[in-house]
Amino acid sequence: MYDLAIIGGGINGVGIARDAAGRGLKTLLVERDDLASHTSSASTKLVHGGLRYLEHYEFNLVRKALKEREVLLRAAPHIIWPMRFVLPVDEGMRPAWLLRLGLFLYDHLGGRDILPGTKSLNLLKDHRGDPLQKRLKKGFAYSDCWVEDSRLVSLTARDAAEKGADIRTRAECVGLDRQTDHWALQIKQGETVNTVEAKVLVNAAGPWVDPVTSMYDRGSNAAKLRLVKGSHIVVKRKFDGDHSYIFQNKDDRIIFAIPYEGEHTLIGTTDQPWSYDEGPAQISASEIDYLCAAASEYFEEAVTSDDIEWTYSGVRPLFDDHSRSAATVTRDFVFDYDDEKGAPVLSIFGGKITTYRVLALQAIRTLSEPLNIDGNDWTKEAHLPGGDFKVAAFDQMVDAYADRWTMFDKPAMVRLVRAYGTDVPIMLADIHDIVDLGQYFGAGLYEIELNWLIAREFVTQAEDVLWRRSKLGLHMTDSEKESVSQWFANRPAEVKSEIAVS
């Protein structure tokens, strides 16, 4: 019998699995699709405090998130790195004094050791003003962090598995039977359905928290969940540099414009109500128009639908605080704990990537009595796989690895170190010549990397690699992507996970 069964392989589920497994708890996590298949791979890719949440007086949420920025940065400096954001002052929007006050709070609410503070900018003289319309004369630059969101999920899951958790992807919970002292879960993998038992259940199914609950208690969460779709567009690069922009909109929302995958710019996000009967989340024509128009208000060169090279959408499972609009619903997490009708169950609402670690800690503390554990904060100082190096050492690592494995040019090695950090020498330990890398697929992807991802990151299909463990799908031709699919269809049976727990 497991101590803890978790339904949902997004950031909240894997975070709880990692925290629990690190305490020695026998932990099971099941995900019906791939890890980070939905909400957790459809974010704006930021580890941030949420500057706009200050306007909604969510000071506790912002403080909590700001404190976590550097905790996560230290834990995974390969997939998380500092980024400067340029906020132009625009006439008719929030005045400069109000923006500066908000940024003062932003600099001081959570504390900073690594990230630099806010600076005022003359956009007519600073190069970061060059892509912007000339009416924009003044602005501010402040700090947050970028994160490879899908990789954060897969590396957290890997860490959980290496600590003993049983992580099962493409494994759907199709039935729940609640007893007085345990849960029985029917888990379907392929055509096989098996029953497992656990003392405690965590419902971290994200947008599907209600359908999971309905398996054992129909309708109990319906009034608590508010589903909000957020969509992004990826366009041809609109500016040079490694900084980003945050733009104020006439509807009081904000959007980001962020350098993305080298030659692209990521623009988002929207906030639209969503319901299950809409099917898989997809960007609408009105959302495309909204994002293009909002960005075109600021960039000298207009953003049009012809610039779009890719889009993605996700659904946020927010706690319904009865806000009037989707944009103002709280992004803080809320728990629903129930042990009155049988074995304990904890349902998760809301949350942000930035606060996933503290969400997991609070979840474990909520469950400390039935699981008979303490609530020490062991993850605060722990690295994720590949992240055991100082933030400032990244460039030296790239140079050292590129000198050792000369078959990779500098950009290719930067991508590898950004993805795998200090695991690169482990992956390439037996590589002495380019032929040792195996089949080449394009965009710097070799067979050795596919084998690594299968063995350590729960990959089973081509799209897991091309769109979640990486974004190589943006850089490869259709024929190159098809070659990856063919490799998976024909791959040797002996290539299997090295960390699967039976």
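Look above for the structure.
Parameters and conventions
Along every chain, residues carry numbers that run from 1 in the direction the sequence is written. The predicted nature of this model means local features are confined to residues of pLDDT at least 70 and side-chain atom pairs, given and counted, to a pLDDT of 80 or more, with totals for whole chains, interfaces and linings taken over all residues. Note: side-chain values were computed over all heavy atoms of the structure, leaving out hydrogens and water. Numbering of helices and strands starts at the N terminus; helices are DSSP runs of H or I of at least 4 residues and strands are runs of E of at least 2. With C-alpha atoms as the basis for the radius of gyration, the globule rule is written as 2.2 Å multiplied by the number of residues raised to the power 0.38. For this analysis, residues touch if any pair of their heavy atoms sits within 4.5 Å. Residue burial considers only the protein chains on display, and all accessible areas are found by Shrake-Rupley using a 1.4 Å probe. Counted charges follow a simple rule, with Lys and Arg positive, Asp and Glu negative, and His plus the chain ends left uncounted. Positions of charges follow a simple convention, taking NZ of Lys, CZ of Arg, CG of Asp or CD of Glu. The cut-offs for exposure are 20% and 50% of the maximum accessible area for each residue type, with area from a 1.4 Å probe on protein chains only; residues under the lower value are buried, those over the upper are exposed, and the others partly exposed. The term polar contact refers here to a pair of N or O atoms within 3.5 Å; inside protein, the definition further demands a hydrogen-donor-capable atom paired with an acceptor-capable atom, and it admits residues adjacent in sequence only when both atoms are side-chain atoms. Put simply, buried Ala, Val, Leu, Ile, Met, Phe, Trp, Tyr and Cys residues joined by side-chain atoms within 4.5 Å make one nonpolar core. Any residue with relative accessible area above 30% and no salt bridge may belong to a patch, with like charges joined within 9 Å and the nonpolar Val, Leu, Ile, Met, Phe, Trp and Tyr side chains within 5 Å. A carboxyl oxygen of Asp or Glu within 4 Å of a side-chain nitrogen of Lys or Arg is what we treat as a salt bridge. Multiplying 1.5 Å by the helix residue count minus one yields the expected span of that helix. Any pair of Phe, Tyr and Trp rings, taking the six-membered ring for Trp, is counted once the centres come within 6.5 Å. Such a pair is stacked with planes under 30 degrees apart, edge-to-face with planes over 60 apart, and tilted for the rest. At least two bridges found by DSSP between two strands are what make those strands a pair. Fitted lines through C-alpha atoms serve as axes, helices being fitted only where they are in contact, and the angles separating the N-to-C directions of these axes extend from 0 to 180 degrees. In what follows, roughly perpendicular refers to angles from 65 to 115 degrees, roughly parallel to angles under 35, roughly antiparallel to angles over 145, and oblique to any angle outside these ranges. For a crossing to be left-handed, the near helix must be turned anticlockwise from the far one by less than a right angle; the clockwise case is right-handed. When residue character is reported, Ala, Val, Leu, Ile, Met, Phe, Trp, Tyr, Cys and Pro are called nonpolar, Asp, Glu, Lys and Arg charged, and the others, Gly included, polar.

(A) Focus on the overall build of the protein. In terms of helices and strands, the protein carries 14 helices and 20 strands. Against the compact-globule benchmark of 23 Å for 502 residues, the protein has a radius of gyration of 23 Å, which places it among compact chains. Once local pairs closer than 6 in sequence are excluded, the contacts in the protein between residues at least 24 apart make up 71%. Looking at the protein as shown, the accessible area adds up to about 20,600 Å², and 49% of this sits on carbon and sulfur atoms. Distance between charge centroids for the protein: 5 Å, based on 59 positive and 75 negative side chains.

(B) Quick peek at unusual backbone geometry. Cis geometry marks the peptide bond from G268 to T269; its omega dihedral reads 15 degrees. A positive phi is found at R170, a non-glycine position, where the angle reads about 50 degrees. Its place among the elements puts R170 in the loop between β7 (166–169) and β8 (172–178). Not every positive phi belongs to a glycine, and E261 is a case in point at roughly 50 degrees. On the secondary structure map, E261 appears in the loop between β13 (254–260) and β14 (264–268).

(C) Fine view of the side chain of T213. The topology assignment puts T213 in helix α5 (residues 209–214). You can call T213 buried: its relative accessible area is 2%.

(D) Examining the environment of I254 more closely. Among the secondary structure elements, I254 is positioned in strand β13. Along the chain, I254 and A204 lie 50 residues apart, while their C-alpha atoms are 28 Å from each other. Residues within four places of I254 in sequence aside, it is in contact with R52, I246, F247, Q248, N249 and T269.

(E) Structural context of the environment of T477. Note that T477 resides in the loop between α13 (462–469) and α14 (478–490). One polar contact links T477 to S479, side chain to side chain, over a distance of 3.1 Å.

(F) Quick peek at the nonpolar core. Residues L4, I16, I80, L152, I167 and V202 are the most contacted members of the largest nonpolar core, which totals 48 residues. Of all the secondary-structure elements, those providing two or more residues to this core are β1 (2–7), α1 (11–21), α2 (59–75), β6 (138–147), α4 (149–162), β10 (192–203), β18 (345–349) and α7 (356–366). Apart from residues lying up to four places away in sequence, I80 is in contact with V47, L72, L73, C145, W146, V147 and L152. Grouped together as the second largest cluster of nonpolar side chains are 36 residues, F389, V424, Y446 and W452 included.

(G) A nonpolar patch on the surface, seen in detail. The grouping of Y57, F59, W97, L98, L101, F104 and L105 at the surface amounts to a nonpolar patch, some 740 Å² of accessible area in total. Its location among the elements puts W97 in helix α3 (residues 96–108). Assessed through its relative accessible area of 60%, W97 is described here as exposed.

(H) Spatial organisation of α4. With 14 residues, α4 should reach 20 Å at 1.5 Å per residue; the first-to-last C-alpha distance of 20 Å fits that figure. Burial analysis of α4 places 13 of its 14 residues in the buried class, which makes it a mostly covered element.

(I) Examining the pattern of salt bridges more closely. All told, the structure shown has 40 salt bridges when counted by the stated rule. Between D3 and K199 there is a salt bridge whose closest N-O contact spans 3.3 Å. With D3 in strand β1 and K199 in strand β10, this residue pair connects regions lying 196 residues apart in the sequence. By relative accessible area, which is 16% here, D3 ends up buried. Residues K238 and E301 are paired through a salt bridge, measuring 3.3 Å at the closest nitrogen-oxygen approach. Taken together, the residues span a long stretch of sequence, with K238 in the loop between β11 (225–236) and β12 (244–248) and E301 in the loop between α6 (285–296) and β16 (308–319) at a distance of 63 residues.

(J) Quick look at the packing of aromatic side chains. Scanning the model with the defined rule gives 24 aromatic pairs in all. Taking 6.0 Å as the distance between ring centres and 20 degrees as the angle between the ring planes, the aromatic pair formed by F239 and F299 counts as stacked. Highlighted residues: F239 in the loop between β11 and β12 and F299 in the loop between α6 and β16, separated in sequence by 60 residues. The class for F239 is buried, based on a relative accessible area of 5%.

(K) Quick peek at the pairing of strand β4 (residues 80–88). Among the 9 residues that make up β4, 8 are buried, leaving the element largely enclosed by the rest of the structure. Relative to β6, β4 is paired through 9 bridges, and the arrangement is antiparallel. Residue pairing across strands places I80 opposite V147, the latter belonging to β6.

(L) Seen up close, the side chain of S470. With respect to the element layout, S470 can be found in the loop between α13 and α14. Engagement of the side chain of S470 in a polar contact is seen with the backbone oxygen of V465, the distance being 2.6 Å.

(M) Molecular detail of the packing of helix α9 (residues 394–404) against helix α10 (residues 410–420). Orientation of α9 relative to α10, taken along the N-to-C sense of each, is 120 degrees, at an axis distance of 9 Å. If you check the angle between α9 and α10, you find them oblique. In terms of crossing hand, the pair formed by α9 and α10 is right-handed. Across from F394, M397, V398, D399, Y401 and A402 in α9, the residues of α10 making contact are K410, M413, V414, V417 and R418. Classifying every residue of the contact of α9 with α10 by side-chain character gives 8 nonpolar, no polar and 3 charged.

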